[in-house]
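Chain by chain, the residues:
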Amino acid sequence: MRTTAAIAPAKGQPFVVEPIEIEEPRADEVLVRIVAAGMCHTDLGFRDMFPWDRPIVLGHEGAGIVERVGANVTALVPGDRVVLTFDSCGRCRRCARGKPSYCDQFRPRNFGGARADRSSALKRDGGPLAGHFFGQSSFSGHAIATERNAIKVADDLPLERLGPLGCGIITGAGAVLNSLGVPTGASIAVFGAGAVGISGVMAARVAGATTIIAVDVKPARLALAMELGATHIVNAAQEDVVKRIRALTLGGADFSIDTTGVPDVLRQAVVALATLGVCGVIAGSEAPMTLPWRDVLYGRTVRGILEGDAIPSEFIPLLIELHRQGRFPFDRLVRYYPLAEINQAAQDSLNGETVKPILTF
Ligand SMILES: [Zn+2]
Ligand SMILES: [Zn+2]
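The paragraphs below set out a description of the structure included in this document. The structure displayed is predicted, hence computed values, not measured ones.

Within the largest apolar cluster, 101 residues are counted, with the highest numbers of intra-cluster contacts made by Phe 15, Met 39, Phe 139, Ile 188, Leu 319 and Leu 333. Looking at this core, you find at least three residues from each of domain 1 (2-166 + 329-360) and domain 2 (171-308). Counting 18 residues, the second largest nonpolar core, distinct from the first, contains Val 241, Val 242, Leu 266 and Val 271.

What follows is the structure, given as structure tokens:
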């Protein structure tokens, strides 16, 4: 069938919105009509790295309605409302241990530009088109997913709001609630007050942390973090971040999270910890980590975290319930753009004007 998608044509190039062809779902797949899709920095990071040999449809925070299901699909039926999340195999040792974001096939299934068997369900003008980004490629009117990464959601909330729960929001909230296990009374410093960081701030409040410090260089983002649960804010452009965090936490934070991927920021996130503190590393960088040896030796932990250690079928409904109760107001982060304005959304995301763009179809 034909649908309309935003195509990333080549390394660093703007998106183009064009008709594409999409195959019918295979036996283990579902076809989802996309209602809205969040934009995550990973979409733009991969657009600008472009590890594929052909144009691709990106997008990995899709929300939509199941239109057709393959013969072997049992968990979903047409009409189900779903949030699309990252893909995993369901069979490897990590998946068996309930850690699907560390799946043996995480990279090929999410970044490979194709299904596990290297085929693509997408074409443009009969020519090759990569897809299956995070097992979905949801910058498209329709997307192919599987029942493992299409998570059924309740129908009492606006579906167009829920897509970011598939990646950015579970990443920040899961780091706090699942990976670090931040307990009541703890202190935590969150570096970067974007969608991932503020999700971590909101989750820290849910967890009962008593000192929640948001660090950024943009006053508007810091103000939003303060409204959504931070007890303190630090403007890194104006203050000595480590000194301020140590003062606020009587010597060092129990936990920190780096959402920036900037080596100097990561170093601050480690140095600002108390002994036995844990720093969660959420963002990627090609640069080497440079950390003061002694700070790590003195009982500190630096822990890499993918997708907030989430089991999506369990964690996405949990966050939806917290949201319904008013305890996780992630709708405050979002701004909606029609698909045709995807390049504006990308620009607003990169320069920090918009915390979480959502494209609507
Ligand atoms: Zn696996
Ligand atoms: Zn993402």
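On to the environment of Phe 134. Inspection of the secondary structure puts Phe 134 in the loop between strand S8 (127-128) and strand S9 (142-146). With 19 residues separating them in the primary sequence, Phe 134 and Arg 115 have C-alpha atoms 10.0 Å apart. With near-sequence residues (within four places) excluded, Phe 134 lies in contact with Thr 42, His 60, Thr 85, Phe 86, Asp 87, Arg 109, Asn 110, Phe 111, Asn 149 and Glu 307.

Here the zinc ion (ligand 2) is held by the protein donor atoms Cys 40 (SG), His 60 (NE2) and Cys 167 (SG), which lie 2.1 to 2.3 Å from it. Each donor residue of the zinc ion (ligand 2) lies on one chain, and together they are spaced C-x19-H-x106-C. With Cys 40 in the loop between strand S3 (29-38) and helix H1 (41-49) and Cys 167 in the loop between strand S10 (150-152) and helix H4 (168-179), the pair connects residues that are 127 residues apart, well separated along the chain. Accessibility classification places Cys 40 together with Cys 167 in one group, the buried group.

At 2.3 to 2.4 Å from the zinc ion (ligand 1) lie its protein donor atoms, namely Cys 89 (SG), Cys 92 (SG), Cys 95 (SG) and Cys 103 (SG). The site at the zinc ion (ligand 1) holds four donor atoms, and with the angles between them running 103 to 118°, its shape is tetrahedral. Positions of the donor residues of the zinc ion (ligand 1), expressed as sequence spacing, correspond to C-x2-C-x2-C-x7-C. Pair noted here: Cys 89 is in the loop between strand S6 (81-84) and helix H2 (93-96) and Cys 103 is in the loop between H2 and helix H3 (106-111), with a separation of 14 residues, a long-range link. For Cys 89, a relative accessible area of 7% puts it in the buried group. What makes Cys 103 buried here is its relative accessible area of 5%.

Where nonpolar side chains cluster on the molecular surface, the patch consists of Trp 293, Leu 297 and Tyr 298 and spans about 470 Å² of accessible area. By secondary structure assignment, the location of Tyr 298 is in the loop between helix H9 (293-297) and strand S16 (301-304).

Turning to the sheet that holds S8, a few remarks are in order. Across a sheet, paired strands are connected by hydrogen bonds in the backbone, their directions being either parallel or antiparallel. A sheet is described by the order of its strands in space; here five strands give the open sequence S4-S1-S2-S7-S8, paired in antiparallel fashion. Among the strands making up the open sheet, the edge pair consists of strand S4 (56-57) and S8. Of the strand pairs in this sheet, strand S1 (residues 2-8) and strand S2 (residues 16-22) are connected by six bridges, and their pairing is antiparallel. By the bridge assignment for S2, Thr 3 is matched with Ile 20.

Read from one edge of the open sheet, six strands run S13-S12-S11-S14-S15-S16, paired in parallel fashion. On the outer flanks of this sheet lie strand S13 (232-235) and S16, each paired with one strand and no other. On average, adjacent strands in this sheet sit at an angle of 20° to one another, irrespective of strand direction. In the sheet, strand S15 (residues 273-281) pairs with S16 via four bridges, with the strands oriented parallel. Across the sheet, residue Gly 280 finds its bridge partner in S16, namely Arg 303.

This next bit is on the packing of H4 against helix H10 (residues 312-324). Following both chains from N to C, one finds H4 and H10 inclined at 95°, their axes separated by 11 Å at the closest point. As the angle between them shows, H4 and H10 are arranged roughly perpendicular. Across the interface between the two elements, Ile 169, Ile 170, Ala 173, Gly 174, Leu 177 and Asn 178 from H4 touch Phe 315, Ile 316 and Leu 319 from H10. Classifying every residue of the contact of H4 with H10 by side-chain character gives seven nonpolar, two polar and no charged.

This part takes up the side chain of Ser 199. Looking at the secondary structure, you find Ser 199 in helix H5 (residues 195-207). Within the local environment of Ser 199, its side chain forms a polar contact with the backbone oxygen of Ala 195, the two atoms lying 2.7 Å apart. Setting aside anything within four residues of it in sequence, one finds Ser 199 in contact with Gly 168, Ile 169, Gly 172, Ala 173, Phe 328 and Leu 333.

As for its placement among the helices and strands, Leu 222 is situated in helix H6 (residues 219-227). By relative accessible area, Leu 222 is classed as buried at 3%. The spatial distance from the C-alpha of Leu 222 to the C-alpha of His 232 is 9.1 Å, given a sequence separation of 10 residues. Apart from the residues lying within four places of it in its own chain, the contact partners of Leu 222 are Ala 214, Val 215, Asp 216, Ile 233, Val 234 and Asn 235.

Contact geometry of H1 with helix H11 (residues 342-350) gives a least axis separation of 10 Å together with a crossing angle of 105°. With respect to their mutual orientation, H1 and H11 come out roughly perpendicular. Only Asn 343, Ala 346, Ser 349 and Leu 350 of H11 make contact with H1, whose side of the interface consists of His 41, Leu 44 and Arg 47. Across the contact of H1 with H11, the residue classes tally to three nonpolar, three polar and one charged.

With that settled, consider the packing of aromatic side chains. Centre distance and the angle of the planes are the two values used to describe a pair of aromatic rings. Inspection of the entire model under this criterion finds 12 aromatic pairs. Geometrically, the ring pair formed by Phe 46 and Phe 133 is edge-to-face, given 5.6 Å between the ring centres and 65° between the ring planes. Here Phe 46 is found in helix H1, whereas its partner Phe 133 is found in the loop between S8 and S9, with 87 residues between them in sequence. This pair shows no difference in class: Phe 46 is buried, exactly as Phe 133 is. By relative accessible area, Phe 133 is classed as buried at 0%. Through a chain of ring-to-ring contacts, the aromatic side chains of Phe 46, Phe 50, Trp 52, Phe 86, Phe 106, Phe 111, Phe 133 and Phe 134 assemble into a single cluster.

What counts, and where the lines are drawn
- Residues numbered from 1 in each chain as written.
- Chains lettered and ligands numbered in written order.
- Predicted model: local features only at pLDDT ≥ 70, side-chain atom pairs only at ≥ 80, totals over all residues.
- Heavy atoms only, no water.
- Core = buried A, V, L, I, M, F, W, Y, C linked by side-chain atoms within 4.5 Å.
- Buried < 20%, exposed > 50% of the residue type's maximum accessible area, 1.4 Å probe, protein only.
- Domains from an automatic or database assignment.
- Helix = DSSP H or I, 4+ residues; strand = E, 2+ residues; numbered from the N terminus.
- Contact = heavy atoms within 4.5 Å.
- Donors = N, O, S within 2.8 Å, 3.2 Å for Na, K, Ca; no water.
- Tetrahedral: all angles 85-135°; square planar, octahedral: opposite > 155°, others 65-115°.
- Patch = residues over 30% accessible without salt bridge, like charges linked within 9 Å, V, L, I, M, F, W, Y side chains within 5 Å.
- Areas by Shrake-Rupley, 256 points an atom, 1.4 Å probe, with all protein chains shown as cover.
- Salt bridge = Lys/Arg side-chain N within 4 Å of Asp/Glu carboxyl O.
- Pairing = 2+ DSSP bridges.
- Axes fitted to C-alpha atoms, helices over the stretch in contact; angles between N-to-C directions.
- Parallel < 35°, antiparallel > 145°, perpendicular 65-115°, else oblique.
- Nonpolar A, V, L, I, M, F, W, Y, C, P; charged D, E, K, R; others polar.
- Polar contact = N/O pair within 3.5 Å; in protein donor to acceptor, adjacent residues only side chain to side chain.
- Phe/Tyr/Trp six-rings, centres within 6.5 Å; stacked < 30°, edge-to-face > 60°.

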